[in-house]
Amino acid sequence: MVISRYTEWTDRHPTYIPFQLTYISAGFDDPDQEVAAASGQAMKYMCKDCRQHLVPYIPQLHTFVQSMGSKLLQDDRLQVYEAIAYVITSMPMEDAGQTLRLFSLDLVTHIHGIVSKPAAEKEELTNVADALELLETMLAVVQSFGEELPAACKDTAAEVYAVLDALIAKYGNVYFISERVCRVLKQGMQFFGNTGAALAPSLLRRVGGAYQSTGFSSFLWLQGKVVAYYGTSTDPALQLALKETLEQSSAQTFAVLKVQAPSDIPDVIEDYLHLIIQMLTFCPDYVLLSPSFPPSFQAVLTALTLVHPDIIYPALDLLWMILGHESMTPSASQPAKYAQYAATIRQAVSANGFQFVGLLLTGLVTTFPEDSVHLVASLFRLLAGGWRAELATWLPPAVQQIPAASLPAEARAKFLTDMGK
């Protein structure tokens, strides 16, 4: 622990690094887990603060993780791999690419070996999840090399994806595997950037199918990330995959909502909201011109019934994006399809207006977070602007539905009077 506190001093006195690195490495051999944990902490801070001086020690660090890695607790291994990633960030790009590939492919090869078996034991799958977590940790630190990848990494995306695709196909129904592999794939998209776009159609179909067969929200979450990274692509194959995957995932979500209470699947609802937000941002045709839009709008309203700020905020944001879409204020310069957008939005709001207003009012005085008031106010302004006549008929019965304990009679009357002005 003392070494951890003085790594910035060590950075200014690098002659002490060999001794300290040997001392830290020896700590991992100690049977006392607290000593091993302290060694992991010291390794992380030394590599973070002294990264430029540790580049010559990369071969030693690689030998260390190969010989000792499997003997360490996962938390200690995570600190070691995070530490190595910090060193990689200080290297020239080509060297960094080769080094990242070296450590990453060790992990991917281990995963491939288990996936290639006819069947894996639970302990082996736990090892796979641990390897994925280590890979995610390294990528999270390195983040990206920029638009131009080093030569060593140019073919890596396809190589790694082939293994992860096989992993999802075979063990995507194991919850902890689904969580880990999706997080790695998200980091991979950040790292590879446009280089990974060619793999996106295959990835969408794989995770879309996995969501249909498992119902795991992590596969919905990843779809949203794919849209965020590649939604503006003009590749026809990718655009078709985006459209098809949204339709399939929407149908699956609607089916789940018919048999499970929303409160039982908050993760699914939250990730579905974020998927629709990304789609509406980058691919609005697939949302507003889809036959799935009416039930999607219903699903958003369902989200307002949950007492989860992480769900209420995106639900209100999404409703604001829909009601406030620029197609709702026509102009001569707008594309022709905007008229279809506006008609779809008007029909959905008109068909669900009473429920919509009731949920907004009830949530406002009961379960919505306090700082969501401005979002609710914005929605009422949009409703008043686009559905003034209907709003006048929706409000009185919606207000009467609010529990008396939450909104006394005097406050109800004043609210209706104010809204009528």
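What you see is a predicted model, and the numbers here were worked out from it, not measured in a lab.

Rules used in this analysis
- Residues numbered from 1 in each chain as written.
- Predicted model: local features only at pLDDT ≥ 70, side-chain atom pairs only at ≥ 80, totals over all residues.
- Heavy atoms only, no water.
- Helix = DSSP H or I, 4+ residues; strand = E, 2+ residues; numbered from the N terminus.
- Buried < 20%, exposed > 50% of the residue type's maximum accessible area, 1.4 Å probe, protein only.
- Contact = heavy atoms within 4.5 Å.
- Areas by Shrake-Rupley, 256 points an atom, 1.4 Å probe, with all protein chains shown as cover.
- Core = buried A, V, L, I, M, F, W, Y, C linked by side-chain atoms within 4.5 Å.
- pLDDT = per-residue confidence, 0-100.
- Axes fitted to C-alpha atoms, helices over the stretch in contact; angles between N-to-C directions.
- Parallel < 35°, antiparallel > 145°, perpendicular 65-115°, else oblique.
- Left-handed = near helix turned anticlockwise from the far one by under 90°.
- Nonpolar A, V, L, I, M, F, W, Y, C, P; charged D, E, K, R; others polar.
- Salt bridge = Lys/Arg side-chain N within 4 Å of Asp/Glu carboxyl O.
- Disulfide = S-S within 2.5 Å.
- Patch = residues over 30% accessible without salt bridge, like charges linked within 9 Å, V, L, I, M, F, W, Y side chains within 5 Å.
- Expected span 1.5 Å × (residues − 1).
- Phe/Tyr/Trp six-rings, centres within 6.5 Å; stacked < 30°, edge-to-face > 60°.
- Lys NZ or Arg CZ within 6 Å of the ring centre and 35° of its normal.

Once that is clear, we can look at the overall build of the protein. Each helix and strand counted, the protein has 22 helices and zero strands in total. Its C-alpha atoms give the protein principal-axis dimensions of roughly 80 × 50 × 45 Å. Out of the 421 residues belonging to the protein, those deemed buried represent 50%. Sequence-distant contacts, at least 24 apart, represent 73% of the contacts inside the protein between residues at least 6 apart. Total accessible area computed for the protein in this model is approximately 19600 Å², and 55% of it derives from carbon and sulfur atoms.

Glancing now at the nonpolar core. If you look at the biggest cluster of nonpolar residues, it comprises 139 residues, and the most contacted ones within it are Leu167, Phe297, Phe356, Leu360 and Leu383. What leucine 167 contacts, discounting residues up to four positions off in sequence, is Ile111, Val115, Val128, Leu132, Gly172, Ile177 and Val181.

Attention now moves to the confidence of the model for the protein. Taken as a whole, the protein shows an average pLDDT of 89; of its residues, 92% reach a score of 70 or greater. No element of the protein has a lower mean pLDDT than helix H1 (residues 2-5), at 55, and none a higher one than helix H15 (residues 266-282), at 98.

Attention now moves to the packing of helix H18 (residues 309-323) against helix H20 (residues 373-386). Following both chains from N to C, one finds H18 and H20 inclined at 25°, their axes separated by 10 Å at the closest point. Here H20 runs roughly parallel to H18, going by the angle between their axes. Handedness of the crossing formed by H18 with H20: left-handed. Counting all contacts with H18, which are made through Tyr313, Leu316, Asp317, Leu319, Trp320 and Leu323, the residues of H20 involved are Leu375, Val376, Ser378, Leu379, Leu382 and Leu383. Taken together, the residues of the contact of H18 with H20 sort by class into ten nonpolar, one polar and one charged.

This part is about the environment of glycine 385. Within the secondary structure layout, glycine 385 lies in helix H20. According to the relative accessible area criterion, glycine 385 is exposed, its value standing at 66%. Taking C-alpha positions, glycine 385 is 58 Å from threonine 99, a pair spaced 286 residues apart along the chain.

Its place among the elements puts glutamine 252 in helix H14 (residues 236-259). Dropping the residues within four chain positions of it, glutamine 252 is found in contact with Tyr211, Gln212 and Gly215.

Moving on, we get to the pattern of salt bridges. Tallying each qualifying case throughout the model produces nine salt bridges. Of the charged contacts, one joins aspartate 165 and arginine 206 as a salt bridge, the two residues approaching to 2.7 Å between their closest N and O atoms. Placement of aspartate 165 in helix H10 (residues 156-171) and of arginine 206 in helix H12 (residues 200-214) is noted, with a sequence separation of 41 residues between them. We classify arginine 206 as partly exposed; its relative accessible area is 30%.

To continue, consider the packing of helix H13 (residues 217-230) against H14. Packed helices, taken two at a time, are described by their axes: the angle between them and the distance between them. Put simply, H13 and H14 touch, their axes get as near as 11 Å, and they point 155° apart. Taken together, the axes of H13 and H14 are roughly antiparallel relative to one another. For H13 against H14, the interelement crossing comes out left-handed. Between H13 and H14, the contacting residues are Leu220, Gln223, Val227 and Tyr230 on the first element and Leu238, Leu242, Thr245, Ser249 and Thr253 on the second. For the contact of H13 with H14, the per-class residue count stands at five nonpolar, four polar and no charged.

In the structure shown here, the tally under the stated rule is zero disulfides. The cysteine cysteine 182 is free of any disulfide, with cysteine 283 supplying the nearest cysteine sulfur at 19 Å.

A few words on a nonpolar patch on the surface. A cluster of nonpolar side chains, namely Leu364, Val365 and Val373, defines an oily patch on the protein surface of about 200 Å² accessible area. Structurally, leucine 364 is set in helix H19 (residues 337-365). On the basis of relative accessible area, leucine 364 is assigned to the partly exposed category, the value being 32%.

Below, the discussion takes up the environment of lysine 71. One can find lysine 71 in the loop between helix H6 (58-68) and helix H7 (74-89). Owing to a relative accessible area of 64%, lysine 71 belongs among the exposed residues under this scheme. When the C-alpha atoms of lysine 71 and threonine 281 are compared, they prove to be 47 Å apart, with 210 residues separating the residues in sequence.

Before going further, it helps to spend a moment on H10. Helix length check: H10 (16 residues) gives 22 Å between terminal C-alpha atoms against 22 Å at 1.5 Å per residue, within 8%. What H10 keeps buried is the set Thr156, Ala157, Val160, Tyr161, Val163, Leu164, Asp165, Leu167, Ile168 and Tyr171. Buried residues in H10 make contact with helix H8 (93-115), helix H9 (122-142), helix H11 (175-192), H12 and H13.

What follows deals with the environment of histidine 308. Note on placement: histidine 308 falls in the loop between helix H17 (293-303) and H18. For histidine 308, a relative accessible area of 33% corresponds to the partly exposed category. When the C-alpha positions of histidine 308 and tyrosine 57 are compared, they lie 48 Å apart, and in sequence the two are 251 residues distant.

On inspection of all chains with the given rule, the structure shows eight aromatic pairs. For the ring pair phenylalanine 297 and phenylalanine 356, a centre distance of 6.0 Å and an interplane angle of 90° mean the geometry is edge-to-face. Here phenylalanine 297, found in helix H17, pairs with phenylalanine 356, found in helix H19; they are 59 residues apart in sequence, far enough to count as distant. The residues phenylalanine 297 and phenylalanine 356 share a single accessibility class, namely buried. The positively charged end of arginine 346 is found above the aromatic ring belonging to tryptophan 387, 5.7 Å away from the centroid.

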